[in-house]
Amino acid sequence: MIELQSDDVVVIRAFDDIPEHLFRISEVYEDCVGGYSLTGPLAGEYGEPEFELILRIVPNANPEELS
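Residues numbered from 1 in each chain as written. Predicted model: local features only at pLDDT ≥ 70, side-chain atom pairs only at ≥ 80, totals over all residues. Heavy atoms only, no water.

## Side note on the packing of aromatic side chains
The following threshold applies: Only rings of Phe, Tyr and Trp enter the pairing, Trp through its six-membered ring, and a pair is recorded when the two centres are within 6.5 Å. The plane angle decides the type: under 30 degrees is stacked, over 60 is edge-to-face, the rest tilted. Counting from the N terminus, the helices are DSSP H or I runs at least four residues long and the strands are E runs at least two residues long. Throughout this description, buried means an accessible area under 20% of the type-specific maximum (1.4 Å probe, protein chains only), exposed means over 50%, and partly exposed covers the range between.
Tallied over the entire structure, the rule returns one aromatic pair. For the pair tyrosine 36 and tyrosine 46, a centre-to-centre distance of 5.3 Å together with 70 degrees between the ring planes defines the contact as edge-to-face. Taken together, the residues span a long stretch of sequence, with tyrosine 36 in strand β3 (residues 33–37) and tyrosine 46 in strand β4 (residues 46–47) at a distance of 10 residues. Of the residues examined, tyrosine 36 reaches a relative accessible area of 42% and is grouped as partly exposed. Taking the relative accessible area as the measure of exposure, tyrosine 46 reaches 40% and is therefore partly exposed.

## Considering a negative patch on the surface
Note the following rule: The residues that make up patches have over 30% relative accessible area and no salt bridge, and they are joined within 9 Å when like-charged or within 5 Å when they are Val, Leu, Ile, Met, Phe, Trp or Tyr. Values of accessible area rely on a 1.4 Å probe in the Shrake-Rupley scheme; residue burial ignores everything except the protein chains shown. The salt bridge definition used is simple: a Lys or Arg side-chain nitrogen within 4 Å of an Asp or Glu carboxyl oxygen. Under this rule, positive means Lys or Arg and negative means Asp or Glu; His and the chain ends count for nothing. In plain terms, the charge of a residue is placed at NZ if it is Lys, CZ if Arg, CG if Asp and CD if Glu.
On the surface, a cluster of negative charge is contributed by Glu30, Asp31, Glu48, Glu50 and Glu52. Its place among the elements puts glutamate 52 in the loop between β4 and β5 (54–57).

## Quick look at the pairing of strand β1 (residues 9–12)
As a reminder, the rule being used: Strand pairing is assigned whenever DSSP detects at least two bridges linking the two strands.
Where burial is concerned, the two faces of β1 agree: the one with Val9 and Val11 and the one with Val10 and Ile12 are both buried. In this sheet, β5 lies alongside β1 in antiparallel orientation, the contact comprising three bridges. When the bridges of β5 are listed, valine 10 appears paired with isoleucine 57.

Now the structure itself:
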C-alpha cells in the first residue's frame, strides 16, 4: 500500500466510461480518498475513489500547474 496524504496528486485508472485521469487528494479515509478530479470529463468534480482505483502518485506534481 502506498502512503497517501492530503495534496498528493494521483492517477486514477479508467473505470466505466471515465478515462484515466489525475486526482488531487484532500482527505484520506479508511477505504478511500476524497478530493477533486484535475483532468478528464470529471475535472473539478468532488469524488471518493477507492484505493484500488489509484494507479500511482504523480511525483513532484505542482498543484498550481495542474489546477
